[in-house]
Amino acid sequence: MKDKLGVILGIGVSILVIFTLFLYLVVKNSVELFDIITIPIVAFLVLAASYVIYDRMKNIKKGLPVADERLKIVSYKAGYYAFIAAIWSAIGSNMASIFLYDQDLRGGLVVAAVVLVSGIVFMISYLYLSMKGIRD
Amino acid sequence: MKSKLGWKWTKEEYPMIILWISSTIFLISNKLNLVKKSTELSIISFLGCISIFSIVIFYLLIKDLNKDTKKKLPEEDERTKKINYKAKNYSWHTTYILVLIISVFASIYDISHIITAGLIILSMITSQFIFVIYFNIKGDGKI
């Protein structure tokens with residue numbers, strides 16, 4: 001039941017993100033550099049999350065647990081990399097903005113950088129480690 | 001014999017520690033320049049509390065590490081390693097929820113990047129410490 005609830009919640013969040021992204025694209029008249037960078041990242045995150053949800057749904061249908069011991073460790077390790085990425089992106093995003101554009105970022109953009117960078121690091125490491133396996 | 005708190009710094013964490021200490025010092029030293037609104041004042045007070053709390057925990061961990069070194073214990077055992085990964089993973093998830101709350105405040109009150117970044121970093125590290133201590137005391141559970 002708990003596993004099913006998690007999958008349903010994941011589907012709900014994915015639909016909500018896709019809907020928000022669709023609304024944003026419809027309302028926005030011109031496409032800026034910020035959109036060109038962020039929209040593909042968000043799209044990748046949604047696609048990767050959908051794949052993970054699909055994989056978990058397959059396990060539920062077969063009557064298997066959603067994640068085995070190996071996947072749990074993979075998830076923890078991916079979370080560890082995302083943690084490091086989140087800390088560095090919180091500092092690095094503003095430093096990059098100062099070096100490249102000579103201006104400070106708004107607080108909201110720092111938040112966006114942390115969410116996107118750590119999200120993408122988590123997803124890439126999760127998919128990579130689940131395919132290649134972990135050594136220790 | 002296991003370390004009481006079970007904390008071990010890994011090589012990847014050294015820059016993070018330097019970053020954490022420097023950002024804490026930076027936040028405290030720039031406090032006067034950052035105060036523009038009453039909202040920011042309350043956030044800075046909150047940050048100050050987290051900083052002091054982190055420094056206390058940091059002191060305890062260093063004390064604990066020194067005890068391990070004196071006893072010539074191994075660098076990191078399997079359980080400690082797993083707990084470190086698990087705690088960081090939980091801390092990242094906690095921060096993701098916190099970031100959503102910060103983003104709402106950032107859009108309403110136009111919070112500066114220094115406060116946003118500082119709040120994220122300090123909350124991540126503090127929650128990580130709490131999770132490490134919690135898993136060490138309560139056991140690592142189903143890792």
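About the criteria used
Residues numbered from 1 in each chain as written. Chains lettered and ligands numbered in written order. Predicted model: local features only at pLDDT ≥ 70, side-chain atom pairs only at ≥ 80, totals over all residues. Heavy atoms only, no water. Helix = DSSP H or I, 4+ residues; strand = E, 2+ residues; numbered from the N terminus. Areas by Shrake-Rupley, 256 points an atom, 1.4 Å probe, with all protein chains shown as cover. Contact = heavy atoms within 4.5 Å. Buried area = accessible area lost by both parts, 1.4 Å probe. Salt bridge = Lys/Arg side-chain N within 4 Å of Asp/Glu carboxyl O. Core = buried A, V, L, I, M, F, W, Y, C linked by side-chain atoms within 4.5 Å. Buried < 20%, exposed > 50% of the residue type's maximum accessible area, 1.4 Å probe, protein only. Patch = residues over 30% accessible without salt bridge, like charges linked within 9 Å, V, L, I, M, F, W, Y side chains within 5 Å.

1. Here we look at the overall build of chain B
Tallying secondary structure elements over chain B gives five helices and zero strands in all. Beginning at the N terminus, the succession of helices and strands in chain B can be written as α-α-α-α-α. When the accessible surface of chain B is totalled, it reaches about 7900 Å², and 69% of it is carbon and sulfur.

2. Some points on the interface of chain A and chain B
Facing 29 residues of chain A, the contacting portion of chain B comprises 32 residues. Both sides together, the interface formed by chain A and chain B hides about 2700 Å², and carbon and sulfur atoms give 75% of it. Contact with chain B buries surface across chain A, with Tyr76(A), Tyr80(A) and Phe83(A) losing the most and accounting together for 28% of the total. Across the chain A-chain B interface, the total number found is zero salt bridges.

3. Looking at the nonpolar core
Of all hydrophobic cores here, the largest spans 40 residues; its most connected members are Tyr126(A), Trp92(B) and Met124(B). For this core, the secondary-structure elements that each account for two or more residues are α2 (33–61), α3 (69–101) and α4 (107–132) of chain A together with α4 (78–109) and α5 (113–138) of chain B. For this core, the leading source of residues is α3(A), giving 11 residues. Excluding residues within four positions of it along the chain, Trp92(B) makes contact with Gly79(A), Ala82(A), Phe83(A), Ala86(A), Ser118(A), Gly119(A), Phe122(A) and Met124(B).

4. What to know about a nonpolar patch on the surface
On the surface, Ile97(B), Ile101(B), Val104(B), Phe105(B), Ile108(B) and Tyr109(B) cluster together to form a nonpolar patch covering roughly 560 Å² of accessible area. Assignment of secondary structure puts Phe105(B) in helix α4.

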